[in-house]
Amino acid sequence: MNGKSSRRKFLKGGAAAAAASAIQSANGTAAAQTEKRSLKDEVAYGERSKYVNSVRVAVNERPAPDEFGLTFHVLSPLQDSVGIVTPSALHFVGTHRGAIVPDISPKDYRFLLHGMVDRPLEFTLDELKRFPSVSRLHFIECLGNKARPDHKTVQQTTGLTSCSEWTGVPLSLLLKEVGVQKGANWVVSEGSEEVKGAGSIPLGKAMDDCIVAYGQNGEAIRPQNGFPVRLIVPGFEGIYNTKWLRRMKVVDQYYMTYNDYGHISADPKVAAFNLQWGPKSIITSPSGGQKLPGPGVYQITGLAWSGGGAVKKVEISTDGGRTWKEAEIRSEVHRMAHTRFGMNWKWDGKECELQSRCTDELGQIQPSREQVAKVFNQPPDYYHNHGIPGTDNAIVPWKIATDGSVRNGIA
Ligand SMILES: Nc1nc2c(c(=O)[nH]1)N[C@H]1C(S)=C(S)[C@@H](COP(=O)(O)O)O[C@H]1N2
Ligand SMILES: [Mo]
């Protein structure tokens, strides 16, 4: 392809190869960087380009930090994401009550593993690092990741999920080291801040694939994400991934903790409590607030994941869910991890609605809001305005107008 006219022809035409879709973004921009870092700083620890200004933002209804300096929930800018790893500096943060970031020196750090075990043990960080490590890509997603009709961008509808490479010791190794006793069934984990960020997970999950992690994307875990050590419970709801992990206690039954607020329901229509995320996907581009400059070829791209394992298939609809076409998987596929999908798409300039739908390795299929309503015996449009009970993995549609503007399609 040479010359401007053939390039234009390519973008307007139907060439199936990857087209540079110049979608205009309506993102918030970071404050201009006025302070210039010294060359010494730049040598020591690199910084992104001054032309790149993708930033996290607070959850709409909750400023971060709140007036007490306690709650800190910030959304990851999915609209700018490429690939499957969330840069650590842009990983969403979900911190409840308690100090925003407990200041724990790695030297003073201790992790206690006790309860129904033969030999309770306390580990220093250095001792944890003397065990064989694993490094795995896993998403973390907050129960609060619920799309609403008034959300403008994909950051608002879905930005409480992120994916990092986590490095640490398999929890199963440490449990074998202390010797789990007969009759044990659950493990309670506790964080270091005032309210402890505690949670209970089944012993089966603890012995399966959980990680006592100290590494995130090739370096130490970021303070907001749990420095120096956090628990990773792959595919489970975010709250079980205890940050600033202080101790884990092996017990015989489910232990209620402060964090069960909002996570256990007395409503029999709702699952008693949520553990694992279902199959989910989201189109990150084109997405709410962006604008297509005109008819032509674009890339529909997004992320898919499931608490049930690996993503098996992603389908895309460009006609509001009437017909579906299988998308290309455009990244490596890891279990309980974000997976990148995409499709070449020629926009004819007419109004349309984009949707994506994930199927995981268990054969579970991501539902529409109408299907979720049916499960909970509600009118079909009920969940357009009400929060979906438990983990919301419903499809989020994007509507495209004739002027190319993209908006939230939840009616
Ligand atoms: N100690 C502690 N662990 C915690 C929390 C907390 O407030 N304190 N928040 C939980 C919640 S609700 C979520 S969604 C995840 C978010 O992890 P992240 O902040 O690294 O994205 O951490 C969980 N672990
Ligand atoms: Mo959360």
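If you're wondering where the values come from, they're calculated on a predicted model, not measured in any experiment.

Calculation rules
- Residues numbered from 1 in each chain as written.
- Chains lettered and ligands numbered in written order.
- Predicted model: local features only at pLDDT ≥ 70, side-chain atom pairs only at ≥ 80, totals over all residues.
- Heavy atoms only, no water.
- Helix = DSSP H or I, 4+ residues; strand = E, 2+ residues; numbered from the N terminus.
- Buried < 20%, exposed > 50% of the residue type's maximum accessible area, 1.4 Å probe, protein only.
- Contact = heavy atoms within 4.5 Å.
- Areas by Shrake-Rupley, 256 points an atom, 1.4 Å probe, with all protein chains shown as cover.
- Polar contact = N/O pair within 3.5 Å; in protein donor to acceptor, adjacent residues only side chain to side chain.
- Core = buried A, V, L, I, M, F, W, Y, C linked by side-chain atoms within 4.5 Å.
- Pairing = 2+ DSSP bridges.
- Phe/Tyr/Trp six-rings, centres within 6.5 Å; stacked < 30°, edge-to-face > 60°.
- Lys NZ or Arg CZ within 6 Å of the ring centre and 35° of its normal.
- Near = heavy atom within 4 Å.
- Nonpolar A, V, L, I, M, F, W, Y, C, P; charged D, E, K, R; others polar.
- Axes fitted to C-alpha atoms, helices over the stretch in contact; angles between N-to-C directions.

Q: Tell me about the overall build of the protein chain, and name the residues and values.
A: The secondary structure content of the protein chain amounts to eight helices and 22 strands. Considering the protein chain as a whole, with its 411 residues, one finds that 50% of them fall into the buried category. Put simply, 71% of the contacts in the protein chain that link residues at least 6 apart link residues at least 24 apart. Roughly 19300 Å² of accessible area belongs to the protein chain as shown, and the carbon and sulfur atoms make up 52% of that amount.

Q: Which residues make up the side chain of Thr 339, and what are the values?
A: In this fold, Thr 339 is placed in strand β19 (residues 339-347). A relative accessible area of 1% means that Thr 339 is categorised as buried. Only 3.4 Å separates the side chain of Thr 339 from the backbone oxygen of Ala 337, close enough to count as a polar contact. Ignoring sequence-local partners within four residues, the contact set of Thr 339 consists of Ile 84, Gly 302, Leu 303, Ala 304, Val 311, Ile 329, Ser 331, Glu 332, Val 333 and His 334.

Q: If you had to explain the nonpolar core to someone new, which residues and values would you point to?
A: The tendency in soluble globular proteins is for nonpolar side chains to be buried as a group. Ranked by size, the top nonpolar core spans 36 residues in total, and within it Phe 111, Leu 128, Leu 174, Ile 201, Val 212 and Leu 231 carry the most contacts. Contributions of two or more residues to this core are made by β4 (110-115), α3 (125-128), α5 (171-178), β8 (186-191), α6 (203-208), β10 (211-216) and β13 (245-251). Residues contacting Leu 231, with those up to four places away along its chain left out, are Leu 171, Ser 189, Ile 201, Cys 210, Ile 211, Val 212, Tyr 240, Asn 241, Thr 242, Leu 245 and Met 248. Judged by nonpolar contacts, the second largest core, of 34 residues, contains Ile 84, Ile 282, Ala 304 and Ala 327.

Q: So what's going on with the sheet that holds strand β15 (residues 296-305)? Which residues, and what values?
A: Taken together, four strands build an open sheet; the order of strands is β14-β15-β19-β18 and the sheet is antiparallel. Because the sheet does not close on itself, it has two edges, and the strands there are β14 (280-285) and β18 (328-329). As paired strands, β18 and β19 are joined by two bridges and run antiparallel to one another. Looking at β19, one finds that Ile 329 is bridged to Phe 341.

Q: Account for the packing of aromatic side chains, with residues named and values stated.
A: Describing an aromatic ring pair means giving the distance of the ring centres and the angle of the ring planes. Counted by the stated rule, this structure contains eight aromatic pairs. Taken together, a centroid distance of 6.3 Å and an interplanar angle of 55 degrees make the contact between Phe 139 and Trp 305 tilted. Placement of the pair is Phe 139 in strand β6 (residues 134-141) and Trp 305 in strand β15, with a sequence separation of 166 residues. With respect to class, Phe 139 is no different from Trp 305; both count as buried. Look at Phe 376 and Tyr 383: their rings are 6.1 Å apart centre to centre, the planes differ by 80 degrees, and that puts the pair in the edge-to-face class. Taken together, the ring pairs connect Phe 111, Phe 123 and Phe 131 into an aromatic cluster. Directly above the ring of Trp 324 sits Arg 357, whose terminal nitrogen or CZ lies 4.1 Å from the centroid.

Q: For the site of ligand 1, give the residues involved together with the corresponding values.
A: Among the 19 residues in the neighbourhood of ligand 1, the closest are listed as Phe 92, His 96, Glu 193, Arg 230 and Lys 243. Between Asn 225 and ligand 1, the recorded distance is 2.8 Å, taken from a side-chain N or O atom to an oxygen atom. Sort the elements by how many residues they give to the shell around ligand 1 and strand β3 (residues 93-95) lands first, with three residues. Across the shell around ligand 1, the residue classes tally to five nonpolar, 11 polar and three charged.

Q: Could you give me a rundown of the pairing of β15, with the residues and numbers involved?
A: The buried fraction of β15 amounts to 10 of the 10 residues, a majority that puts the element mostly inside the structure. Sheet topology places β14 next to β15; five bridges connect them, and they run antiparallel. Note on β15: the bridge partner recorded for Ile 283 is Gly 302. Bridge count for β15 against β19 is nine bridges, and the pairing is antiparallel. The residue bridging Leu 303 from the neighbouring strand is Arg 340, located in β19.

Q: Pulling in residues and values, what's your account of the sheet that holds β8?
A: Read from one edge of the open sheet, five strands run β5-β4-β13-β8-β9, paired in mixed fashion. Each end of this open sheet is capped by a strand with a single partner; those strands are β5 (121-124) and β9 (199-202). Put simply, the sheet's adjacent strands are angled 20 degrees from each other on average, direction ignored. Strand direction decides the pairing type here: β4 and β13, joined by four bridges, are parallel. Within β13, the position partnered with His 114 by the bridge is Lys 249. Sheet strands in contact with α5 are β4, β5 and β13, and its direction is about 60 degrees off that of β4.

Q: Break down unusual backbone geometry for me, with residues and values.
A: Omega for the peptide link from Phe 227 to Pro 228 comes to 5 degrees, which places this bond in the cis form. The residue Pro 228 is located in the loop between β11 (219-220) and β12 (230-232) in this model. Residues Ser 285 and Pro 286 are joined by a peptide bond in cis, for which omega reads -5 degrees. When you line up the elements, Pro 286 lands in the loop between β14 and β15. The backbone of Asn 217 sits at a positive phi, close to 50 degrees, despite the residue not being glycine. In this fold, Asn 217 is placed in the loop between β10 and β11. Positive phi, normally seen in glycine, also occurs at Trp 244, with a value near 45 degrees. Looking at where Trp 244 falls in the secondary structure, it is placed in the loop between β12 and β13.

Q: Outline the side chain of Gln 355, listing residues and values.
A: Examined against the element boundaries, Gln 355 turns out to sit in strand β20 (residues 352-360). A distance of 3.4 Å separates the side chain of Gln 355 from the backbone oxygen of Gly 320, its partner in a polar contact. Among residues more than four places away in sequence, those in contact with Gln 355 are Ile 283, Glu 315, Ile 316, Ser 317, Gly 320, Gly 321, Trp 324, Ile 395 and Pro 397.

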